[in-house]
Amino acid sequence: CWHPGIGTQGSLLAFGGAATSKMARYDWAIQAWVPVFGTNTAHFSSGHTAGIYVPQAGAVICGRSGITDQRQLVIVEADGSWRYSATCPTGWGPSGGRGMIAPHPSRAAAIVLSREADKKYWTYEFASDTWVERGLLPSEFNYANSSATTIKELGVLLVLTGQSEAVATRAYVYRPDY
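Per-chain numbering applies: the sequence of each chain, read as written, is numbered from 1 onward. It should be noted that, the model being predicted, local features are given only for residues of pLDDT at least 70 and side-chain atom pairs only at 80 or more, the latter also being counted only at that level, while totals for whole chains, interfaces and linings use all residues. Each side-chain value is derived from all of the structure's non-hydrogen atoms; neither hydrogens nor water enter the calculation.

*Asks:* Sorry if this is basic, but what is going on with the sheet that holds strand 5 (residues 51-54) here?
*Replies:* Sheet strands line up and pair through hydrogen bonds in the backbone, either parallel or antiparallel. Two strands pair if DSSP finds at least two bridges between them. Secondary structure elements are taken from DSSP: a helix is a run of H or I of four residues or more, a strand is a run of E of two residues or more, and numbering for both begins at the N terminus. The strand order across the open sheet built from 4 strands is 5-6-7-8, with neighbouring strands paired in antiparallel fashion. The sheet terminates laterally at strand 5 and strand 8 (82-84), the two strands that pair on one side only. Averaged over neighbouring strand pairs, the angle between their axes works out to 25° when direction is ignored. Axis definition: a line fitted to C-alpha atoms, over the contacting stretch in the case of helices. Angles run 0 to 180 degrees between N-to-C directions.

Following this line, the structure appears as structure tokens:
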């Protein structure tokens, strides 16, 4: 995951590790990995491997590994400090961080699409450190082969989902009105 505000040239953040929660950033000036928290290593074995930069918040929100309850995510600020998010009221990833995450296209929030049975989508509100339920997802969503992103210029969330080589990929476009 990329954080343009950390370091003089931005930083690549790597995180994960089932045995020890850890995160490091690559410092381009000294050409080395620098610990953010946990063990300093450039190789991360398992756990969450997804994170996004939310421009309006100036922060990265990413998965948290090596813990029992993975409904809290890690927030990394531009100064390199970090904190845990509030706990999401639904289990969107207790068995391995399942779900998709994308920045809100127009404000300081992250959109999380739950892979759990409830198939809900949520926003994480940076300013208030809260989770807000936003509705149900289409029942056709197959997260094993899905990806989500925002198109800021159009103010939309784009989700691509496919089931197999035999089934065509589908595209869903949402215009968040919140």
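*Asks:* Which parts of the structure should I look at to understand the side chain of Thr150?
*Replies:* For Thr150, the location among the structural elements is in strand 13 (residues 146-151). Since its relative accessible area comes to 18%, Thr150 is described here as buried. Reaching out from Thr150, the side chain makes a polar contact with the backbone oxygen of Pro103 at a distance of 3.5 Å. Thr150 has contacts with Ala102, Pro103, His104, Pro105, Val156 and Leu157, leaving out every residue within four places of it along the chain. Think of it in three bands: with a 1.4 Å probe and only protein chains considered, a residue is buried below 20% of the maximum accessible area for its type, exposed above 50%, and partly exposed in between. In protein, a polar contact requires one atom able to donate a hydrogen and another able to accept it; more generally it is a pair of N or O atoms within 3.5 Å, and residues adjacent in sequence count only if both atoms are side-chain atoms. We call two residues contacting when some pair of their heavy atoms lies within 4.5 Å.

*Asks:* Just to check I follow, could you spell out the nonpolar core for this structure?
*Replies:* Nonpolar side chains in soluble globular proteins generally cluster together in the buried interior. Among buried residues, the Ala, Val, Leu, Ile, Met, Phe, Trp, Tyr and Cys ones that are joined through side-chain atoms within 4.5 Å form a nonpolar core. Residues Ile61, Ile101, Ala110, Tyr124, Phe126 and Trp131 are the most contacted members of the largest nonpolar core, which totals 14 residues. Elements supplying a minimum of two residues to this core: strand 5, strand 6 (59-62), strand 10 (109-114) and strand 11 (120-125). Apart from residues no more than four positions distant in its own chain, Ile101 is found in contact with Ile52, Ile61, Leu73, Ala110, Ile111, Val112 and Ala148. Core analysis: the next-biggest nonpolar cluster, separate from the first, contains 10 residues, Ala102, Ala148, Val159 and Tyr172 among them.

*Asks:* Would you mind going over the pattern of salt bridges with me for this structure?
*Replies:* Definition used for salt bridges: Asp or Glu carboxyl oxygen within 4 Å of a side-chain nitrogen of Lys or Arg. Considering all chains together, one arrives at 6 salt bridges under this definition. Among the ionic pairs, Asp27 bridges to Arg25, the shortest N-O distance being 3.5 Å. In this structure, Asp27 and Arg25 share a single accessibility class: buried. Here Glu133 makes a salt bridge to Lys120, at a shortest N to O gap of 3.4 Å. Here the residue Glu133 occupies a position in strand 12 (residues 130-136), and Lys120 occupies one in strand 11, the gap between them amounting to 13 residues. Residue classification places Lys120 among the partly exposed positions, given a relative accessible area of 21%. One connected set of salt bridges, linked through shared partners, spans Glu77, Arg83 and Asp129.

*Asks:* Would you explain a nonpolar patch on the surface in this entry?
*Replies:* What makes a patch is a set of residues exposed beyond 30% relative accessible area and free of salt bridges, joined within 9 Å when like-charged and within 5 Å when nonpolar (Val, Leu, Ile, Met, Phe, Trp, Tyr). With residues, only the protein chains shown are counted as cover, and all accessible areas are computed by Shrake-Rupley using a 1.4 Å probe. Taken together, Trp2, Leu12 and Trp28 make up a surface patch of nonpolar side chains, about 270 Å² in accessible area. Note that Trp2 resides in strand 1 (residues 2-3). A relative accessible area of 39% means that Trp2 is categorised as partly exposed.

*Asks:* Please explain the confidence of the model for the protein chain as it appears in this structure.
*Replies:* Close reading of the predicted structure is inappropriate where its pLDDT is low. Values of pLDDT, ranging from 0 to 100, describe the predictor's confidence in every residue of the model. Residues at a pLDDT of 70 or more form 70% of the protein chain, whose mean pLDDT is 76. The lowest-confidence element of the protein chain is strand 2 (residues 11-16), averaging 75 in pLDDT; the highest-confidence one is strand 12, averaging 89. Of the regions scoring below 50 in pLDDT, residues 40-47 engages in 23 contacts with residues more than four places distant in sequence or in other chains.

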